[in-house]
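Listed here are the chains, written in short residue letters.
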Amino acid sequence: MRIGYGYDVHRLAPGHDLILGGVLIPHDKGLVGHSDADVLLHAVADALLGAAALGDIGTHFPDTDPAWAGADSLDLLRQVMQLVREDGYRLANVDTTMVLERPKVKPHIAEMRQNIGAALDVDLDRVSVKATTGEGLGPTGEEAGAAARAVCLLRPRS
Ligand code: MG
């Protein structure tokens, strides 16, 4: 088995969409980035790549490449899972935690899990999405940004 860990953070600013786990969430601020800045999916992608020792999301989809400007991170995640599969692994499970102060994301978690499960082509019971606030502390607590962490377990494909 192979364990993987992913971490990502993006700035929050007015005039941007807030897209988390492939869900567009109504809010007065959104995440700033070269792609759609879906911090949750980026953490998942990095966990998968890390478990297979295949580098990170920046190696495969550099933010200097205009091809990935505004990219749908669900597409990136699909491509990452394809790389992992081609490397001989299947996903046992992925567990994630988002850290953001506002808005409440709980009502959207079911849809996020469905999006991630579909992109990774696994059953929902292999995908966990959780959320917590920064308790007002630090950049996430002060709503300057949102962060996400993910761990995953890969098994050799039989
Ligand atoms: Mg990112």
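Described in the following lines is the structure provided in the data block.

**A word on the overall build of the protein chain**
A count of helical and extended segments in the protein chain gives five helices and seven strands. Order of helices (α) and strands (β) in the protein chain, N terminus to C terminus: β-β-β-β-α-α-α-β-α-β-α-β. Of all 158 residues assigned to the protein chain, the portion counted as buried reaches 47%. Relative to all contacts within the protein chain whose residues are 6 or more apart in sequence, the contacts with residues 24 or more apart total 73%.

**Points about a nonpolar patch on the surface**
A contiguous nonpolar surface patch, about 360 Å² in accessible area, is contributed by Tyr5, Tyr7, Val9 and Val151. Per-element accounting of the nonpolar patch gives the leading share, three residues, to strand β1 (residues 2–13). Tracing the backbone shows tyrosine 7 in strand β1. Tyrosine 7 sits in the partly exposed class, given a relative accessible area of 37%.

**Details of the coordination of the magnesium ion**
Donor atoms from the polypeptide that coordinate the magnesium ion comprise Asp8 (OD), His10 (NE2) and His42 (ND1), at 2.1 to 2.2 Å from the metal. All donors to the magnesium ion come from one chain, and their sequence spacing reads D-x1-H-x31-H. Of this pair, aspartate 8 sits in strand β1 while histidine 42 is found in helix α1 (residues 39–51), placing the two residues 34 residues apart along the sequence. Here aspartate 8 matches histidine 42 in class, with each residue buried.

**As for the side chain of histidine 42**
Look at histidine 42 and you get buried, because its relative accessible area is 7%. Engagement of the side chain of histidine 42 in a polar contact is seen with the side chain of serine 35, the distance being 3.3 Å. Within the structure, the side chain of histidine 42 is placed 2.9 Å from the side chain of serine 73, a separation counted as a polar contact. If we skip the residues at most four places from it in the chain, histidine 42 touches Asp8, His10, Ser35, Asp36, Ala37, Ile57 and Ser73.

**Let's talk about the pairing of strand β5 (residues 89–99)**
Sheet topology note: the β5/strand β7 (residues 145–156) ladder contains ten bridges and is antiparallel. When the sheet's bridge partners are listed, threonine 96 is paired in β7 with alanine 150. Sheet topology note: the β5/strand β6 (residues 127–132) ladder contains six bridges and is parallel. Note on β6: the bridge partner recorded for valine 99 is threonine 132.

**Considerations on the pattern of salt bridges**
Taken as a whole and judged by the stated rule, the model has four salt bridges. For arginine 102, the salt bridge goes to aspartate 28, with nearest N and O atoms at 3.7 Å. Taken together, the residues span a long stretch of sequence, with arginine 102 in the loop between β5 and α4 (109–120) and aspartate 28 in the loop between β3 (23–24) and β4 (30–32) at a distance of 74 residues. Between glutamate 143 and arginine 102 there is a salt bridge; the shortest N-O distance is 3.0 Å. Taken together, the residues span a long stretch of sequence, with glutamate 143 in the loop between α5 (138–141) and β7 and arginine 102 in the loop between β5 and α4 at a distance of 41 residues.

What counts and how
Residues numbered from 1 in each chain as written. Predicted model: local features only at pLDDT ≥ 70, side-chain atom pairs only at ≥ 80, totals over all residues. Heavy atoms only, no water. Helix = DSSP H or I, 4+ residues; strand = E, 2+ residues; numbered from the N terminus. Buried < 20%, exposed > 50% of the residue type's maximum accessible area, 1.4 Å probe, protein only. Contact = heavy atoms within 4.5 Å. Patch = residues over 30% accessible without salt bridge, like charges linked within 9 Å, V, L, I, M, F, W, Y side chains within 5 Å. Areas by Shrake-Rupley, 256 points an atom, 1.4 Å probe, with all protein chains shown as cover. Salt bridge = Lys/Arg side-chain N within 4 Å of Asp/Glu carboxyl O. Donors = N, O, S within 2.8 Å, 3.2 Å for Na, K, Ca; no water. Polar contact = N/O pair within 3.5 Å; in protein donor to acceptor, adjacent residues only side chain to side chain. Pairing = 2+ DSSP bridges.

Such coordinate-based values are descriptive only and should not be taken to indicate function.
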